[in-house]
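Take a look at the letters that make up each chain.
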Amino acid sequence: MSTQADQAIAALRKGHEDLSALVAGLTAEQLTGPSAADEWDVSQVVSHLGSGAEINLEAVQASLEGRPAPEFEFNKGVWARWDGMTPQERQAAFPVANQKLVEAYEAFTPEQRESHKIDVGWMPEPVDVATSALLRLNEFGYHDWDVRAGLDPSAALAPEAAALISDRVEGLFGWIAKPANLDGRTANLLVRLTDTGEVLGLQLADPVKLGAAPDSPDGELSLTLEAWLRLAAGRLKAQYTPADVRITGPISLDDLRAVFPGY
C-alpha cells in the first residue's frame, strides 16, 4: 500500500505533467489574461509556482546536505528574478523549475520517505517528507486551479490533489478566515459533502472551527468536496460556483465568501 508520501509525490508528478502541458500551449494573450487569483494574470500565477518550486527545492537540498533552510533573503532573490521575467520567460522556466522539485521528491528512498526531515523554513520544526510534499501539493493544487479557471470558469481542482489536501483544510482557517466580516453574527452549519457522504460541522465564530456535525444546526451547506475545498480557500466566487451548491438558514453563500476571502 502506498504511503501518504508516495501518494503526495505521485499527485505532484501528475499535476506537474498536466500543468506543464497546458502552460506550454498558452498564447501570449492567454498568458497575460486574468487568472482566478485576484490581481494576478496567468503568467504571474505560473511565476509564483515556479519561484515556489525553486524555494522548496532549496529546502529539500539543504535537508539532504545538512544545511539550514533557506533564509528569507534567498526567497526574496528568487521572487525578484521571477518577477523580472517576461510572461514568455515564465512560460519556459516553470516546467524546468517544477520538474527539478518533483524529481527531488521522487528521489527519496522508501526509508527516507518514512524518516527524513525537511526544514521548510516557516514551520515550528522540521517536517517529514509526506508533510513537505503535501504542503507543496496544497499550494500547487490551488494555483493550478487559478490558471485553469482563468481560462475556463468551470474548471475544478485536480481530483488527485483534492483527495489529499482535504485533511489540511482547517489549517487554512487560522490565517485566512475572517469571521469579523459577519459583523458579529455567528452560526453552526452542517456541511454535507454530496460526493463523499461525509458530514461536518462548521462553526462560524471567532475562531472559525471545523468539527463534528451539530445536532441542531442553524443551516446546511450542501456541495461536493472539491467545491468545499475551494470555498475554504476563497475560490468559490459566484462565477466559479457549481450549480449544485445549496445553502439553507441565516447564512448565505455571500456570507461564507466574506468569511473565506482567499489568499
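An account of the accompanying structure is given in this report.

Calculation criteria
Residues numbered from 1 in each chain as written. Predicted model: local features only at pLDDT ≥ 70, side-chain atom pairs only at ≥ 80, totals over all residues. Heavy atoms only, no water. Buried < 20%, exposed > 50% of the residue type's maximum accessible area, 1.4 Å probe, protein only. Helix = DSSP H or I, 4+ residues; strand = E, 2+ residues; numbered from the N terminus. Pairing = 2+ DSSP bridges. Core = buried A, V, L, I, M, F, W, Y, C linked by side-chain atoms within 4.5 Å. Contact = heavy atoms within 4.5 Å. Phe/Tyr/Trp six-rings, centres within 6.5 Å; stacked < 30°, edge-to-face > 60°. 1 Å grid on protein atoms, 1.4 Å probe; cavity = no way out; pocket = protein on both sides within 12 Å on 5 of 7 lines; lining within 4 Å. Points joined across faces, edges and corners; volume = space filled by probe spheres on them. Axes fitted to C-alpha atoms, helices over the stretch in contact; angles between N-to-C directions. Parallel < 35°, antiparallel > 145°, perpendicular 65-115°, else oblique. Left-handed = near helix turned anticlockwise from the far one by under 90°. Nonpolar A, V, L, I, M, F, W, Y, C, P; charged D, E, K, R; others polar.

Where burial is concerned, most of strand 6 (residues 219-223) is hidden: 4 out of the 5 residues are buried. Of the pairings in the sheet, the one linking strand 3 (residues 187-193) to strand 6 comprises 5 bridges and is parallel in character. Note on strand 6: the bridge partner recorded for Leu193 is Leu223. Bridge analysis of strand 6 against strand 7 (residues 246-248) gives 3 bridges, and the strand direction is antiparallel. Across the sheet, the residue bridging to Leu221 is Ile247, located in strand 7.

By size, the foremost hydrophobic cluster in this structure holds 82 residues, and its most contacted members are Phe173, Leu202, Leu204, Trp228 and Leu256. A total of 10 residues in this core trace back to one element, the largest contributor, which is helix 7 (residues 129-151). Contact partners of Leu256, with chain neighbours within four places excluded, come to Leu189, Leu202, Leu204, Leu221, Leu231, Ile247 and Ile251.

Moving on to the packing of aromatic side chains. Evaluation of the coordinates by the stated rule reveals 4 aromatic pairs. Residues Trp145 and Tyr240 carry aromatic rings whose centres are separated by 5.1 Å and whose planes lie at 80° to one another, so their mutual orientation is edge-to-face. One end of the pair, Trp145, is in helix 7; the other, Tyr240, is in the loop between helix 10 (225-232) and strand 7, with 95 residues separating them in the sequence. For Trp145, a relative accessible area of 0% translates into the label buried.

Here the largest pocket is characterised by a volume of approximately 1000 Å³. Along its surface, the largest pocket is lined by 38 residues, and His48, Trp122, Glu139, Trp175 and Tyr263 are the ones closest to its centre. When residues of the lining of the largest pocket are traced back to their parent elements, those giving at least two are helix 3 (42-65), helix 4 (72-83), helix 7 and helix 9 (170-176). Take the lining of the largest pocket: its biggest share by element is 7 residues, from helix 7.

Let us now look at the environment of Tyr263. With respect to the secondary-structure elements, Tyr263 resides in the segment after helix 11 (253-259). Between the alpha carbons of Tyr263 and Asp167 there is a distance of 19 Å; along the sequence they are 96 residues apart.

This paragraph deals with the packing of helix 5 (residues 87-106) against helix 7. Contact pair helix 5 / helix 7: the axes reach a minimum separation of 11 Å and the direction vectors enclose 155°. On the basis of their axis angle, the class for helix 5 and helix 7 is roughly antiparallel. Where helix 5 crosses over helix 7, the two elements pack in a sense that is left-handed. Along its contact with helix 5, which presents Phe94, Asn98, Leu101 and Tyr105, the element helix 7 presents Val129, Ser132, Ala133, Arg136 and Phe140. Of the residues that constitute the contact of helix 5 with helix 7, the class distribution is 6 nonpolar, 2 polar and 1 charged.

Bridging between strand 3 and strand 4 (residues 199-204) involves 6 bridges; their strand directions are antiparallel. Along strand 4, the bridge assignment pairs Asn188 with Gln203. What sits between strand 3 and strand 4 in their antiparallel hairpin is a turn of 5 residues, with Gly197 showing a positive phi close to 80°. Sheet analysis places strand 4 next to strand 5 (residues 209-211), joined by 3 bridges and oriented antiparallel. Note that in strand 5 the partner of Gly201 across the bridge is Gly211. Taken together, strand 4 and the strand that follows it, strand 5, pair antiparallel across an intervening segment of 4 residues.

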